[in-house]
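# Remarks on the overall topology
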Amino acid sequence: MNDRLSVGQAYLFQAKEDLCAVRALGHDIRLAPSSFFMMLQMVFEKLAKSAKYWKDAHIPASLRHEAADAHFSKRIDAIIRMNPAKQKYYSHLIALIKALEAAQPSVAKKASPYSPMLEYPWENRNHFICYPARDLPLVLKLKGDQNFIISIWHALKFAQEYANELEAMIR
């Protein structure tokens, strides 16, 4: 362990392992869709942190949740400006990243006490107890929209390409 990593590089390497887990879950996404979405959100968050802390030699004292949707919205906007034909493809992707971000527990709790969360039960407005595997809106969308799986695989491909770009910066 003599190789010194930046904080961003460490986040990248962890994101890549998480991405492997997400791909494995994705081969039969219907077995554990809420876990798949939880892990996918974590991948995008770690990739955003990787870019933010790329050159940092020490972990910040107050490390907190990073909004992956803000980071990737800027990145995707730049891609669309360079290639407007890709707008339709990327609009689905950013919508998925925003939905994942909105369901991240610390974000969801701030938005409303009734917000669905990726990994924890919540109480809805009718005071019924809900849980991600049954009630998460992304899980419900997956069950009702076959085309949604295509958007999910596009998100995985995008995450992998972004991780590869970051890793190329190391070499």
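For the structure itself, consult the block above.
What counts, and where the lines are drawn
- Residues numbered from 1 in each chain as written.
- Predicted model: local features only at pLDDT ≥ 70, side-chain atom pairs only at ≥ 80, totals over all residues.
- Heavy atoms only, no water.
- Core = buried A, V, L, I, M, F, W, Y, C linked by side-chain atoms within 4.5 Å.
- Buried < 20%, exposed > 50% of the residue type's maximum accessible area, 1.4 Å probe, protein only.
- Contact = heavy atoms within 4.5 Å.
- Helix = DSSP H or I, 4+ residues; strand = E, 2+ residues; numbered from the N terminus.
- Expected span 1.5 Å × (residues − 1).
- Phe/Tyr/Trp six-rings, centres within 6.5 Å; stacked < 30°, edge-to-face > 60°.

### Description of the nonpolar core
Side chains of a nonpolar character, in soluble globular proteins, are inclined to be buried together. Phe 37, Leu 40, Phe 44, Leu 47, Phe 72, Ile 76 and Leu 96 are the most contacted members of the largest nonpolar core, which has 45 residues in total. With sequence-adjacent residues up to four places away left out, Leu 96 is seen in contact with Phe 37, Leu 40, Leu 138, Phe 148, Ser 151, Ile 152 and Ala 155.

### Focus: helix 1 (residues 7-26)
Helix length check: helix 1, at 20 residues, gives a terminal C-alpha distance of 28 Å against a target of 28 Å (1.5 Å per residue), a fit within 8%. Turning to helix 1, its buried residues number three or more, namely Val 7, Gly 8, Gln 9, Tyr 11, Leu 12, Ala 15, Asp 18, Leu 19, Val 22 and Gly 26.

### Some points on the packing of aromatic side chains
The full count for this structure, using the stated rule, is eight aromatic pairs. Each ring, one from Phe 36 and one from Phe 37, has its centre 5.5 Å from the other, and the planes form 80°; the classification is edge-to-face. We classify Phe 36 as buried; its relative accessible area is 0%. Phe 37 gets classed as buried once you look at its relative accessible area, which sits at 0%. With centroids separated by 5.2 Å and ring planes inclined at 80°, the aromatic side chains of Phe 44 and Phe 72 adopt a geometry described as edge-to-face. Of the two residues, Phe 44 sits in helix 2 (residues 33-52) while Phe 72 sits in helix 3 (residues 68-82), which places them 28 residues apart along the sequence. Assigned by exposure class, Phe 44 and Phe 72 land together as buried. Each residue in the set Phe 44, Phe 72, Tyr 90, Phe 158 and Tyr 162 is aromatic and connected to the rest through ring pairs, giving one cluster.

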